[in-house]
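Understanding the architecture of this molecule
Next come the chains, spelled out residue by residue.
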Amino acid sequence: MTGRRPPVPPPRSGRLFWLLAVVLNVAVPGVGHIYAQMIARGFVWLAGNMVILLILTRGDVPLAGVLGALGALRVAAVADLVYLLRAHAAERDSGNAGTDR
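Note that this is a predicted model, so its numbers are computed, not measured. (Residues numbered from 1 in each chain as written. Predicted model: local features only at pLDDT ≥ 70, side-chain atom pairs only at ≥ 80, totals over all residues. Heavy atoms only, no water.)

**What about helix α4 (residues 63-93)?**
- Given a rise of 1.5 Å per residue, 31 residues ought to cover 45 Å, and the 45 Å separating the end C-alpha atoms of α4 matches this to within 8%.
- Listed as buried for α4 are Val 66, Leu 70, Leu 73, Ala 77, Val 78, Asp 80, Leu 81, Leu 84, Leu 85 and Ala 89.
- Against the buried residues of α4 lie α1 (15-27), α2 (31-35) and α3 (39-56).
- Just beyond α4, the residue with positive phi is Gly 95, at close to 90°. (Helix = DSSP H or I, 4+ residues; strand = E, 2+ residues; numbered from the N terminus. Expected span 1.5 Å × (residues − 1). Buried < 20%, exposed > 50% of the residue type's maximum accessible area, 1.4 Å probe, protein only. Contact = heavy atoms within 4.5 Å.)

**Details of the pattern of salt bridges**
- This model, assessed by the stated rule, comprises two salt bridges.
- We note a salt bridge from Asp 80 to Arg 41, for which the minimum N-O separation is 2.9 Å. Note that Asp 80 is positioned in helix α4 and Arg 41 in helix α3, a separation of 39 residues in sequence.
- Here Asp 80 falls in the buried class, since its relative accessible area comes to 12%.
- Among the salt bridges present, the one from Asp 60 reaches Arg 58, with a minimum N-O distance of 3.3 Å. Arg 58 carries the same exposure label as Asp 60, and that label is exposed. (Salt bridge = Lys/Arg side-chain N within 4 Å of Asp/Glu carboxyl O.)

**Let's talk about the nonpolar core**
- Membership of the largest hydrophobic core is limited to seven residues, which are Phe 17, Ala 21, Ala 36, Met 38, Leu 81, Leu 84 and Leu 85.
- Looking at this core, the elements with two or more residues in it are α1 and α4.
- Contacts of Leu 81, omitting those with residues within four sequence positions, involve Ala 21, Val 22, Asn 25, Gly 32, His 33, Ala 36 and Met 38. (Core = buried A, V, L, I, M, F, W, Y, C linked by side-chain atoms within 4.5 Å.)

**Focus: the packing of α3 against α4**
- Axis separation between α3 and α4 bottoms out at 10 Å; the angle between their running directions is 175°. Here α3 is positioned roughly antiparallel relative to α4, judged by the angle of their axes. Taking contact as the criterion, the partners of Arg 41, Trp 45, Asn 49, Ile 52, Leu 53 and Leu 56 in α3 are, on α4, Val 66, Ala 69, Leu 70, Leu 73, Arg 74, Ala 76, Ala 77, Asp 80 and Leu 84.
- Classifying every residue of the contact of α3 with α4 gives 11 nonpolar, one polar and three charged. (Axes fitted to C-alpha atoms, helices over the stretch in contact; angles between N-to-C directions. Parallel < 35°, antiparallel > 145°, perpendicular 65-115°, else oblique. Nonpolar A, V, L, I, M, F, W, Y, C, P; charged D, E, K, R; others polar.)

**With respect to unusual backbone geometry**
- Positive phi values are uncommon outside glycine, yet Gln 37 reaches one of about 65°.
- You can see Gln 37 is positioned in the loop between α2 and α3.

**Details of the side chain of Asn 25**
- Within the secondary structure layout, Asn 25 lies in helix α1.
- Within polar-contact distance, the side chain of Asn 25 engages the backbone nitrogen of Gly 32 at 3.1 Å.
- The contact partners of Asn 25, leaving out residues within four places of it in the chain, are Gly 30, Val 31, Gly 32, His 33, Arg 74, Ala 77, Val 78 and Leu 81. (Polar contact = N/O pair within 3.5 Å; in protein donor to acceptor, adjacent residues only side chain to side chain.)

What follows is the structure, encoded as structure tokens:
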């Protein structure tokens, strides 16, 4: 072993990556962000999901309201993830990748 570090893999991309990230985000908002290596943002979505779950499942809110709020949260999380993935892909395609780190 020469002590050299292995090369850094390229950023994840492709249709399967996007599909898996979106499916994970639909299942649990924030997990798709974490999978897409947006760790801090993913934990913010995850924490927000937990807080909303705790508030809504106290029993004061009807089931339709709980399901509607959780559905809206998932739609917002997926929209945020897709927006960020598209922005990252556009940045990478323009040759400016890596300047946001």
